[in-house]
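# What the coordinates show
The lines below spell out each chain.
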Amino acid sequence: MFNNGKELLKLCKEQNKKIYEIVILKECSSSNISGEELKNEMKKILNIMISSSSSGLNKKINSISGLTGGYAKKVEEYKNAGKTICGDTIISAMARALSTSEVNASMGQIVAAPTAGASGILPGAIITVKEKFNLKEEDMINGLFTAAGIGEIIAKNATISGAYGGCQAECGTASAMAGAGIVEMLGGTPQQCLNAASFSLINVMGLVCDPIAGLVEFPCIIRNASGVINAFLSADLSLSGVDCIVPFDEVVDAMYKVGRELPTSLKETALGGLAATPTGEELKRRLL
């Protein structure tokens with residue numbers, strides 16, 4: 001039904017529908033299920049996101065390796081103290097993203113959207129925006145379907161694998177999905193959704209994947225927190241009326257080419273970046 005952003009926008013215009021509506025129609029057609037069944041499945045996904053993004057806010061969750069843990073709780077407590085620089089909305093989103101990442105690192109249940117390593121960004125963004133603007137569950141569901149459409153396009157035309165494209169492909173794609181989803185939730189147009197997705201990818205173009213000891217923990221968890229903020233600022237840019245002068249499909253293609261050009265040491269091999277620092281090497285010896 002659509003393979004890229006240009007085709008998606010054309011369908012939205014021809015059928016006078018939003019992105020989430022086109023995504024639902026496409027999925028119903030390919031899966032042979034009803035729209036109601038599909039929405040119920042997305043509600044299950046949303047509930048897992050809500051659970052994982054809140055689990056670490058009030059209790060310390062340690063990773064299996066012991067390398068990380070308790071970041072979400074610390075950030076939540078910092079927010080509650082009322083002396084943050086960024087304000088409650090941003091800090092809440094960060095804490096939720098960290099919580100989901102910690103649940104992942106402790107082998108708990110998360111939604112890999114688009115990957116486990118970047119799983120905190122979409123729930124942190126969607127849930128916080130719903131809370132800030134007092135939106136409905138239906139708005140969150142629509143945002144998630146919009147995000148899914150963006151993720152599908154990137155997966156088809158580029159990559160969502162850190163091992164192949166660097167963290168730009170994981171946290172970058174998650175931010176793009178979240179940015180588009182937020183714009184949908186707040187009444188933006190299909191073009192504005194794609195603008196937000198484009199900005200999100202542009203902001204982290206070339207971001208390397210350098211997990212210490214090869215574990216999806218550090219700096220991965222921290223990049224989930226920054227990825228939420230990337231989605232927020234990208235959505236605000238788009239909703240303010242700023243247009244991306246490079247079309248979404250071209251941005252996706254550029255991200256893919258950049259990922260291919262990154263050296264192997266910077267693509268989830270733990271041979272470069274932070275993983276190759278003296279501390280990173282010491283932690284690798286200790287943990288492995």
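This text goes with the structure placed above it.
### Side note on the nonpolar core
By size, the foremost hydrophobic cluster in this structure holds 62 residues, and its most contacted members are Leu122, Phe145, Ile150, Ile154, Leu201 and Phe248. The greatest single-element share of this core, amounting to eleven residues, is contributed by helix α9 (residues 167-185). If we ignore the near neighbours within four places in the chain, the residues touching Leu122 are Met49, Ala113, Leu144, Ala147, Met177 and Ala178. By size, the runner-up hydrophobic cluster in this structure holds eight residues, among which are Ala72, Val75, Ile91 and Ile221.

### Remarks on the environment of Phe248
Tracing the chain through its elements places Phe248 in helix α12 (residues 248-261). With 52 residues separating them along the chain, Phe248 and Ala196 place their C-alpha atoms 9.2 Å apart. The contacts of Phe248, once residues within four sequence positions are left out, are Gly5, Ile150, Ile153, Ile154, Leu194, Ala197, Ser198 and Leu201.

### Quick word on unusual backbone geometry
Along the chain, Ala113 connects to Pro114 via a cis peptide bond; the corresponding omega equals 5 degrees. Along the chain, Phe218 connects to Pro219 via a cis peptide bond; the corresponding omega equals 10 degrees. When you line up the elements, Pro219 lands in the loop between α10 (190-203) and α11 (220-239). At Asn32, a position not held by glycine, the phi torsion is positive, near 60 degrees. In this fold, Asn32 is placed in the loop between α2 (19-31) and α3 (35-55). The backbone of Glu268 shows a phi angle near 65 degrees, a positive value even though the residue is not glycine. Along the chain, Glu268 turns up in the loop between α12 and α13 (278-287). A residue is classified by how much of its surface remains accessible, and Glu268, at 32% relative accessible area, is partly exposed.

### A word on the state of the cysteines
Cysteine pairs can be covalently joined through their sulfur atoms, and such a bond is termed a disulfide. Here the structure, examined in full by the defined rule, presents zero disulfides. In this structure Cys12 is a free cysteine whose sulfur lies 8.3 Å from that of Cys193, the closest cysteine sulfur available. The class of Cys12 is buried, set by a relative accessible area of 5%. Looking at Cys171, it has no disulfide partner, and the nearest cysteine sulfur is the one in Cys167, 3.6 Å off. Taking the relative accessible area as the measure of exposure, Cys171 reaches 5% and is therefore buried.

The rules behind the values
Residues numbered from 1 in each chain as written. Predicted model: local features only at pLDDT ≥ 70, side-chain atom pairs only at ≥ 80, totals over all residues. Heavy atoms only, no water. Core = buried A, V, L, I, M, F, W, Y, C linked by side-chain atoms within 4.5 Å. Buried < 20%, exposed > 50% of the residue type's maximum accessible area, 1.4 Å probe, protein only. Helix = DSSP H or I, 4+ residues; strand = E, 2+ residues; numbered from the N terminus. Contact = heavy atoms within 4.5 Å. Disulfide = S-S within 2.5 Å.

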